[in-house]
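A structural walkthrough
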Amino acid sequence: MSTTINDGTGNGFSAKVDSENRLFTRSVSNTEYEFAITEGRSFNVNTEFITIGTASPPTTENAILYLKNNEDEDIIIVDWFIGTADSQGTATDVGPLLKVYTNPSGGTIVSSGTDVVPVNRKVGDNNTFDITVKKATSDGFTLTGQDTTPILYQTQPSSGRVFVDGVYISLQRGASIGVVFIPNGAEPVQIYTGFQGFLVK
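Notes on the structure in this doc start here. (Residues numbered from 1 in each chain as written. Predicted model: local features only at pLDDT ≥ 70, side-chain atom pairs only at ≥ 80, totals over all residues. Heavy atoms only, no water.)

Re the overall build of the protein
Heads up, the rule is: Secondary structure elements follow DSSP: runs of H or I of four or more residues count as helices, runs of E of two or more count as strands, with numbering from the N terminus. Three exposure classes are used, based on accessible area relative to the maximum for each residue type with a 1.4 Å probe and protein chains only: buried under 20%, partly exposed in between, and exposed over 50%. Contacts are assigned to residue pairs that have any heavy atoms within 4.5 Å of one another. Only the protein chains shown count as cover for residues, and the accessible areas themselves come from Shrake-Rupley with a 1.4 Å probe. We treat Lys and Arg as the positive residues and Asp and Glu as the negative residues; His and chain ends play no part in the count. The atom standing in for a charge is NZ when the residue is Lys, CZ when it is Arg, CG when it is Asp and CD when it is Glu.
In terms of regular secondary structure, the protein is built from two helices and twelve strands. Reading the protein from its N terminus to its C terminus gives the helix and strand order α-β-β-β-β-β-α-β-β-β-β-β-β-β. Each of the three principal axes of the protein carries a C-alpha extent, and together these read 85 × 35 × 30 Å. Every one of the 201 residues in the protein was classed for burial, and the buried ones make up 45%. Long-range contacts, defined as pairs at least 24 residues apart, comprise 88% of the intrachain contacts of the protein with a sequence gap of at least 6. In the structure as shown, the protein presents an accessible area of about 10900 Å², 47% of it carried by carbon and sulfur atoms. If you average the places of the 13 positive and of the 22 negative side-chain charges in the protein, the two averages end up 5 Å apart.

If you want it as structure tokens, here you go:
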């Protein structure tokens, strides 16, 4: 007696078996991040270009981005991107340097930074994200209360773009991160930075 495997949609499709008794199937494998994109749960945040001038010493940690999760679910930061342009200085030491700190609680970027709205990476989806994002508008913004050791540490050319794939930072409700930029002589310089991530379902 033969057995037929039918689809569950009512269209009458049956599974195919070849002469060697192999069942034909087709599957699509996605990462959790890729699946979140299709469901409208992924986001992008970007400071756009910020001018870092010469008012502060070249080794100053200038806060340029702050992000805090207010969602009930965790958010996962997947990728980190950075771009610099129009450097008019001469970089010293390791050159321009960025650090990402965990759990900052204050500073002028938190109190006076410009709001950034996370962009849904599923174009046309109306889902929004309860994430506080602030950016600097110039050099001299500060970050306070953070853990001492940065979770990420990245050098950057005076002009160019860096994409750091697969950083995978999980932020539970109330957790935050902050990005600082040390120009190390590249100032004045234009810099932007941002993250790609998703809301855990």
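Overview of the packing of aromatic side chains
Rule in force here: When the centres of two rings from Phe, Tyr and Trp lie within 6.5 Å, Trp using its six-membered ring, the rings pair. Their planes under 30 degrees apart give stacked, over 60 give edge-to-face, and anything left gives tilted. Lysine and arginine charges are scored as sitting over a ring when NZ or CZ, respectively, is within 6 Å of the ring centre and within 35 degrees of the ring normal.
Tallying each qualifying case throughout the model produces five aromatic pairs. Aromatic pair F49 and Y192: ring centres 5.1 Å apart, planes at 85°, arrangement edge-to-face. One end of the pair, F49, is in the loop between β1 (42-46) and β2 (50-52); the other, Y192, is in strand β12 (residues 189-199), with 143 residues separating them in the sequence. Of note, K16 hangs over the ring of F24, and the distance from its end group to the ring centre comes to 4.5 Å.

Observations regarding the environment of A55
Secondary-structure assignment places A55 in the loop between β2 and β3 (62-69). A55 gets classed as exposed once you look at its relative accessible area, which sits at 74%.

A look at the nonpolar core
Quick reminder of the rule: Take the buried Ala, Val, Leu, Ile, Met, Phe, Trp, Tyr and Cys residues and link them wherever side-chain atoms come within 4.5 Å; each set so joined is a nonpolar core.
Grouped together as the largest cluster of nonpolar side chains are 39 residues, with contacts concentrated most on W80 and F195. Listed in part, the five residues of the second largest apolar core include Y33, A36, V78 and F198.

Some thoughts on the pairing of strand β9 (residues 152-155)
Put simply, the rule reads: When DSSP locates at least two bridges between a pair of strands, those strands are taken to pair.
Alternating positions in β9 separate cleanly, L152 and Q154 being buried on one face and Y153 and T155 remaining unburied on the opposite face. Relative to β9, strand β5 (residues 97-102) runs antiparallel, the two sharing four bridges. Following the sheet pairing, K99 is matched in β9 by Y153.

Looking at the environment of F13
Summarising the element assignment, F13 is placed in the segment before α1 (32-38). Along the sequence, F13 and Q190 sit 177 residues apart, while their C-alpha atoms lie 58 Å from each other. Discounting chain neighbours no more than four positions away, the residues touching F13 are I5, N6 and D7.

Some words on the pattern of salt bridges
For the record, the criterion: Salt-bridge detection follows one rule: a side-chain nitrogen of Lys or Arg within 4 Å of a carboxyl oxygen of Asp or Glu.
Enumeration over the complete set of coordinates arrives at seven salt bridges. A salt bridge links E61 to K99, with the shortest nitrogen-to-oxygen separation between them at 3.1 Å. Taken together, the residues span a long stretch of sequence, with E61 in the loop between β2 and β3 and K99 in strand β5 at a distance of 38 residues. Given a relative accessible area of 31%, E61 falls into the partly exposed group. Beyond isolated ion pairs, a larger network of salt bridges with shared partners links D18, E20 and R22.

Re the sheet that holds strand β11 (residues 176-182)
Within the open sheet, the six strands sit side by side as β6-β8-β3-β11-β5-β9. Their pairing is antiparallel. In this open sheet, the two edge strands, each paired with only one partner strand, are β6 (114-115) and β9. Relative to strand β8 (residues 131-135), β6 runs antiparallel, the two sharing two bridges. When the sheet's bridge partners are listed, D115 is paired in β8 with K134.

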